[in-house]
Amino acid sequence: MNSEYDFNDWREYEQLFDIEIPDGSTAKYVSDLVESFEKYKSAAMLYASLKPKEDGTYPSFKFLDVINYYTGQDKYLFNKNIQDLFSINILDLNFPGSQKRTDIPTKKEEK
């Protein structure tokens with residue numbers, strides 16, 4: 001990735017330009033739309049919590065591993081220690097459309 005890339009470039013939002021709230025939309029419509037954006041919020045929180053290695057660089061990981069861990073599909077994990085790469089508990093996040101595993105309690109559930 002080019003470190004000179006402008007992350008504030010308006011083209012970053014181009015995918016949102018075609019999303020319109022039609023006149024007469026219901027609260028459910030808006031709620032479903034907001035929920036569809038939740039996955040991006042969780043992904044941003046996940047990437048922000050990636051722990052640097054001792055040399056200051058970051059480890060590689062597959063986002064698919066995060067979803068496989070989140071859903072309890074451990075047999076498909078490339079990195080069996082995926083949770084160790086993050087300072088946030090993956091199971092405390094919300095990935096709409098993915099059924100969260102229930103065999104490991106989250107910090108929120110332990111309280």
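Reading the values: the criteria
Residues numbered from 1 in each chain as written. Predicted model: local features only at pLDDT ≥ 70, side-chain atom pairs only at ≥ 80, totals over all residues. Heavy atoms only, no water. Buried < 20%, exposed > 50% of the residue type's maximum accessible area, 1.4 Å probe, protein only. Helix = DSSP H or I, 4+ residues; strand = E, 2+ residues; numbered from the N terminus. Contact = heavy atoms within 4.5 Å. Expected span 1.5 Å × (residues − 1). Bend = angle between axes of the 7 residues up to and from the residue. Core = buried A, V, L, I, M, F, W, Y, C linked by side-chain atoms within 4.5 Å. Salt bridge = Lys/Arg side-chain N within 4 Å of Asp/Glu carboxyl O.

**A closer look at helix α2 (residues 63–71)**
Stage number 1. Within the span of α2, buried status applies to D65, V66, I67, N68, Y69 and Y70.
Stage number 2. At its buried positions, α2 is contacted by α1 (27–48).
Stage number 3. After α2 finishes, the residue G72 shows a positive phi value of roughly 85 degrees.

**Some points on α1**
Stage number 1. Across its 22 residues, α1 extends 31 Å between first and last C-alpha, which sits within 8% of the 32 Å expected from 1.5 Å per residue.
Stage number 2. In α1, a bend of some 25 degrees at F37 exceeds every other bend along the element.
Stage number 3. Every buried residue belonging to α1 is among L33, S42, A43 and L46, and all of these are buried.
Stage number 4. If you follow the buried residues of α1, they end up packed against α2.

**Observations concerning the nonpolar core**
In summary, soluble globular proteins display a tendency toward joint burial of nonpolar side chains.
Stage number 1. If you look at the biggest cluster of nonpolar residues, it comprises 15 residues, and the most contacted ones within it are L46, F61, V66, I82, F86 and I90.
Stage number 2. When residues in this core are grouped by element, the largest group, four residues, is from α2.

**What to know about the pattern of salt bridges**
Stage number 1. Inspection of the entire model under this criterion finds three salt bridges.
Stage number 2. Across the salt bridge formed by D32 and K28, the nearest N and O atoms sit 3.0 Å from each other. Of the two residues, D32 and K28 are both situated in helix α1; the distance of four residues between them amounts to about one turn of the helix.
Stage number 3. Relative accessible area serves as the criterion here: at 57%, K28 is assigned to the exposed category.
Stage number 4. Across the salt bridge formed by R101 and D74, the nearest N and O atoms sit 2.7 Å from each other.

**With respect to the environment of S60**
Stage number 1. The topology assignment puts S60 in the loop between α1 and α2.
Stage number 2. Looking at S60, the relative accessible area reads 68%, which means it is exposed.
Stage number 3. Expressed as a C-alpha distance, the spacing of S60 and N79, which sit 19 residues apart in the sequence, is 10.0 Å.

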